[in-house]
Amino acid sequence: MKVRKAVIPAAGLGTRFLPATKAMPKEMLPIVDKPTIQFIVEEAKKAGIEDILIVNGKNKRSIENHFDSNPELEQDLKSTGKIELLNLTQEVTDLGVNLYYTRQPYPAGLGDAIYRARSFVGNEPFVVMLGDDLMRDKVPLTKQLMNDYDKTHASTIAVMKVPHEEVSKYGVIAPEDEIEPGLINVKSFVEKPAVEDAPSDYAIIGRYLLTPEIFDILEHTKPGRGGEVQLTDAIDTMNKTQRVFAHVFKGQRFDVGNKEGYLETSIQYGLRHPETRDALKKYIIELGKKLSK
Ligand code: UTP
């Protein structure tokens, strides 16, 4: 069966960005001039995803409004001749994918957020995309997972090697064997293990391709680490009854889920943005000189 649907959870509290996230989901924080969730929707579209469900928390309005039209603003940009900005604004509404919204009433964990997608997904394989991670590669990571699925018909989770001392921030896999270069048969999945207990340095990054059986498991998954229903725990349970693979991502990953990663990503993207790259580069070189004195 073809993978056509994606779920983007955006109902977390985003505590690492408080107070910025007090009245706004962290998925709306911009990288230069685009909210992170727009990068995610664009990646889904490039991968050939047709339908996307966004799981909102209580600050839902800004995401829906961002992807909706804004006739007043558009009229204003038209009458003042700001055609390029008008096009940029309208592009967001005409991305060519269908967006749907639901709510997670309490931030009870990523697993609970994904469970809210059960009737949207139905009996099809689907992808989960987290706004915390921006990916850059020739073929979008989501598409790479979909290509794996075409061969294996199994759930496949994107992973990447991270420095050993950082494994406790992630879901981590215990690899069994590599069935082909970059595709690993997984023994088990552990959410945020202590550094000394981590079974490998392969961390789960924010893209998952899941078979619909995950919902039967999530329905019965008890809150785990941090009192939250963990998607990693449900995946580990699923791995006992059907194969789950890990796909090693070889492209660039930008972690925008914490302050330092967010700032670094903003600089990286700013250095590629046609409006900012030259001035920003100059500024960074000057700053580097000053800081190294
Ligand atoms: P995170 O743990 O990174 O998000 O969840 P958070 O809890 O918002 O962030 P901090 O730690 O407080 O700063 C990963 C993804 O899962 C979503 C988040 O929106 C994020 O995209 N999520 C998490 C939910 O949708 N619901 C939840 O209950 C928890």
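Look up a bit, the structure's there.
Residues numbered from 1 in each chain as written. Predicted model: local features only at pLDDT ≥ 70, side-chain atom pairs only at ≥ 80, totals over all residues. Heavy atoms only, no water.

## Some words on the packing of helix α3 (residues 71–79) against helix α4 (residues 83–93)
Two numbers describe how α3 lies on α4: the axes approach to 8 Å, and their chain directions differ by 155°. Accordingly, the angle class assigned to the pair α3 and α4 is roughly antiparallel. Handedness of the crossing formed by α3 with α4: left-handed. Between α3 and α4, the contacting residues are L73, E74, L77 and K78 on the first element and L85, L86, T89 and Q90 on the second. For the contact of α3 with α4, the class distribution of residues is four nonpolar, two polar and two charged. (Axes fitted to C-alpha atoms, helices over the stretch in contact; angles between N-to-C directions. Helix = DSSP H or I, 4+ residues; strand = E, 2+ residues; numbered from the N terminus. Parallel < 35°, antiparallel > 145°, perpendicular 65-115°, else oblique. Left-handed = near helix turned anticlockwise from the far one by under 90°. Contact = heavy atoms within 4.5 Å. Nonpolar A, V, L, I, M, F, W, Y, C, P; charged D, E, K, R; others polar.)

## Notes on the side chain of N56
Relative to the elements of secondary structure, N56 occurs in strand β4 (residues 51–56). Residue classification places N56 among the buried residues on the basis of a relative accessible area of 1%. For N56, the residues in contact, after removing those within four places along its chain, are A10, A11, I63, E64, Y101, T102, R103 and Q104. (Buried < 20%, exposed > 50% of the residue type's maximum accessible area, 1.4 Å probe, protein only.)

## What about the pairing of strand β8 (residues 155–161)?
Across the seven residues that make up β8, a large majority, six, are buried. Two strands pair when backbone bridges link them, and β8 and strand β12 (residues 244–248) are joined in this way by five bridges, in the parallel orientation. Following the sheet pairing, I157 is matched in β12 by A246. Summarising the sheet, β8 and strand β11 (residues 202–210) pair through five bridges and their orientation is antiparallel. Within β11, the residue paired with K161 across the bridge is Y202. (Pairing = 2+ DSSP bridges.)

## Some points on the site of the ligand
The environment of the ligand is made up of 17 residues, and the closest members are G14, T15, Q104, G109 and D132. One of the backbone N or O atoms of A11 is found 3.0 Å from an oxygen atom in the ligand. Contact between the ligand and L13: an oxygen atom at 3.1 Å from a main-chain N or O atom of the residue. Bound to the protein, the ligand loses 86% of the 570 Å² it would expose on its own. Mapped by element, the contributors of at least two residues to the shell around the ligand are β1 (5–10) and α5 (110–115). Taken together, the residues of the shell around the ligand sort by class into eight nonpolar, five polar and four charged. (Near = heavy atom within 4 Å. Polar contact = N/O pair within 3.5 Å; in protein donor to acceptor, adjacent residues only side chain to side chain. Areas by Shrake-Rupley, 256 points an atom, 1.4 Å probe, with all protein chains shown as cover.)

## Focus: unusual backbone geometry
In this chain, L18 is followed by P19 through a cis amide linkage whose omega measures 5°. Unusually for a residue other than glycine, H153 sits at a positive phi of about 55°.

## Here we look at the packing of aromatic side chains
Applying the stated criterion across every chain, the model contains five aromatic pairs. Taking 5.6 Å as the distance between ring centres and 75° as the angle between the ring planes, the aromatic pair formed by F17 and Y262 counts as edge-to-face. Taken as a pair, F17 in the loop between β1 and β2 (30–31) and Y262 in helix α10 (residues 259–270) lie far apart in primary sequence, 245 residues in all. Assessed through its relative accessible area of 8%, F17 is described here as buried. The exposure class of Y262 is buried, given its relative accessible area of 15%. Consider the rings of F39 and Y269, whose centres lie 5.3 Å apart with planes at 80°: the pair is edge-to-face. Here F39, found in helix α1 (residues 36–47), pairs with Y269, found in helix α10; they are 230 residues apart in sequence, far enough to count as distant. Under the relative-accessibility criterion, F39 is labelled buried at 17%. Ring pairs connect the aromatic residues F39, F254 and Y269, which therefore count as one cluster. (Phe/Tyr/Trp six-rings, centres within 6.5 Å; stacked < 30°, edge-to-face > 60°.)

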